[in-house]
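Below, each chain spelled out in residue letters.
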Amino acid sequence: MSIHTPRIEKKVTMSTVAAMKGVEPITMVTAYDALFAQLFDGEVEMILVGDSLNMSFLGKEDTLSATMDQMIYHTQAVCNGAKRACIVFDMPFGSYTTPQVALENATRVYRETCAQAVKVEGGREKADIVRTLADNGIAVVAHIGLMPQHVRSEGGYRVRGKDETDIKRLVEDALELEAAGAAMVLVEGVKSEAAKAVTDAVKVPTIGIGAGNVTDGQVLVWSDMFGFFEAFKPKFVKRYCNGAKEVREGLEQYVKEVKARQFPDEAHAY
Ligand code: KIV
């Protein structure tokens, strides 16, 4: 049996990834359980326990009904599986409505999980929240651009940064969030030109999703990138394998063999 050698041996911290800006692209994927976290650990620098789990694993329409308890539970599972990756906790909708609420919930994240940073969606209007968390020793990833938690209020997912005014707004947001103490800026669903302007403007690393090849790193949702989520494929998603097809083929074979009394054979029996 071959023992896989991980690419990354040492624990990755927020300082490790900060030092990668302009040096080497940062890789991040989502994970929601120990099994997959263990597979990804040692290969990517960062794992995001995204509230996208509410859609891809709970089968909900959007991310909005994810709760703190649910996110903590999944982050604990990821922490059990990943010992090297820098783990980011996605603050669910309604968990950071004020600086005090955000601090209470993010404190719970640091107390109850191994996450090294929390992610909040929002522009300059979230600067006070970011400042409160950062001032209290909690690392923050600020998520700007297309914000999935705004899907109901905005009536859909809209690509941002399509004109000079919006690019300027995104850059100003990123600068305010950085000044408030954000350790990283995640830019989702924006034109490459906007992602580049943000990346050039801030000193902290930027991570892109649907933001072109101009950010300091990239993130993808694992069930999208490995072809398990088949219902819908956004343009920016590249499928690196066809997970659902492989599982379906394996399952068909299993059913066929059980029905034909070919499994278990002698090699798989005591
Ligand atoms: O929840 C999530 O997986 C995310 C990514 C899309 C960045 O926020």
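Source: prediction; values computed, not measured.

### Observations regarding the packing of aromatic side chains
Between two aromatic rings, the relevant description is the distance of the centres plus the angle of the planes.
Reasoning step 1: Summed over all chains, the structure comprises eight aromatic pairs.
Reasoning step 2: An aromatic cluster is built from Y32, F36, F40, F57, W222, F226 and F228, whose rings are joined through pairwise contacts.

### Some points on the sheet that holds strand β7 (residues 206-209)
Whether parallel or antiparallel, the strands of a sheet pair through hydrogen bonds between backbone atoms.
Reasoning step 1: A barrel is described by the order of its strands in space; here eight strands give the closed sequence β1-β2-β3-β4-β5-β6-β7-β8, paired in parallel fashion. Strand-to-strand twist in this sheet, taken as the mean axis angle between neighbours without regard to direction, amounts to 25°.
Reasoning step 2: Of the strand pairs in this sheet, strand β2 (residues 46-49) and strand β3 (residues 86-90) are connected by four bridges, and their pairing is parallel. Paired with L48 across the strands is V88, a residue of β3.
Reasoning step 3: Running at roughly 170° to strand β5 (residues 139-145), helix α8 (residues 164-180) makes contact with β5 and β6 (184-188) of the sheet.

### Brief notes about the state of the cysteines
Reasoning step 1: Tallied over the entire structure, the rule returns one disulfide.
Reasoning step 2: Residue pairing for C79: its cysteine sulfur links by disulfide to C114, the two sulfurs lying 2.1 Å apart. On the sign convention where negative means left-handed, the S-S torsion of about -95° between C79 and C114 marks this disulfide as left-handed. Within this pair, whereas C79 is found in helix α4 (residues 68-81), its partner C114 is found in the loop between α5 (99-112) and β4 (117-121), the two being separated by 35 residues in sequence.
Reasoning step 3: Overall, C79 belongs to the buried group, its relative accessible area being 9%.
Reasoning step 4: The exposure class assigned to C114 is partly exposed, which follows from its relative accessible area of 32%.
Reasoning step 5: Lacking any disulfide linkage, C86 is separated from the closest cysteine sulfur, that of C114, by 9.4 Å.
Reasoning step 6: Looking at C86, the relative accessible area reads 0%, which means it is buried.

### A word on the domain arrangement of the chain
Reasoning step 1: Assigned domains within the chain: domain 1 (14-239) and domain 2 (243-270).
Reasoning step 2: Summarising the inter-unit geometry, the C-alpha centres of domain 1 and domain 2 are found 39 Å apart.
Reasoning step 3: In this assembly, four residues from domain 1 lie in contact with four residues from domain 2.
Reasoning step 4: A combined buried area of about 290 Å² lies between domain 1 and domain 2, and 50% of that area is made up of carbon and sulfur atoms.

### Side note on the site of the ligand
Reasoning step 1: Near the ligand the following residues occur: T30, L48, G50, D51, S52, D90, K119, H143, L186, E188, I209 and V221.
Reasoning step 2: The separation between an oxygen atom of the ligand and a polar side-chain atom of D51 is 3.0 Å.
Reasoning step 3: In this structure, an oxygen atom belonging to the ligand sits 3.1 Å away from a side-chain N or O atom of D90.
Reasoning step 4: Of the pockets mapped on this structure, the ligand occupies the largest pocket.
Reasoning step 5: Split by residue class, the shell around the ligand holds four nonpolar, four polar and four charged.

Rules behind the numbers
Residues numbered from 1 in each chain as written. Predicted model: local features only at pLDDT ≥ 70, side-chain atom pairs only at ≥ 80, totals over all residues. Heavy atoms only, no water. Phe/Tyr/Trp six-rings, centres within 6.5 Å; stacked < 30°, edge-to-face > 60°. Pairing = 2+ DSSP bridges. Helix = DSSP H or I, 4+ residues; strand = E, 2+ residues; numbered from the N terminus. Axes fitted to C-alpha atoms, helices over the stretch in contact; angles between N-to-C directions. Contact = heavy atoms within 4.5 Å. Disulfide = S-S within 2.5 Å. Buried < 20%, exposed > 50% of the residue type's maximum accessible area, 1.4 Å probe, protein only. Domains from an automatic or database assignment. Buried area = accessible area lost by both parts, 1.4 Å probe. Near = heavy atom within 4 Å. Polar contact = N/O pair within 3.5 Å; in protein donor to acceptor, adjacent residues only side chain to side chain. 1 Å grid on protein atoms, 1.4 Å probe; cavity = no way out; pocket = protein on both sides within 12 Å on 5 of 7 lines; lining within 4 Å. Sits in = over half its atoms within 2 Å of the grid points. Nonpolar A, V, L, I, M, F, W, Y, C, P; charged D, E, K, R; others polar.

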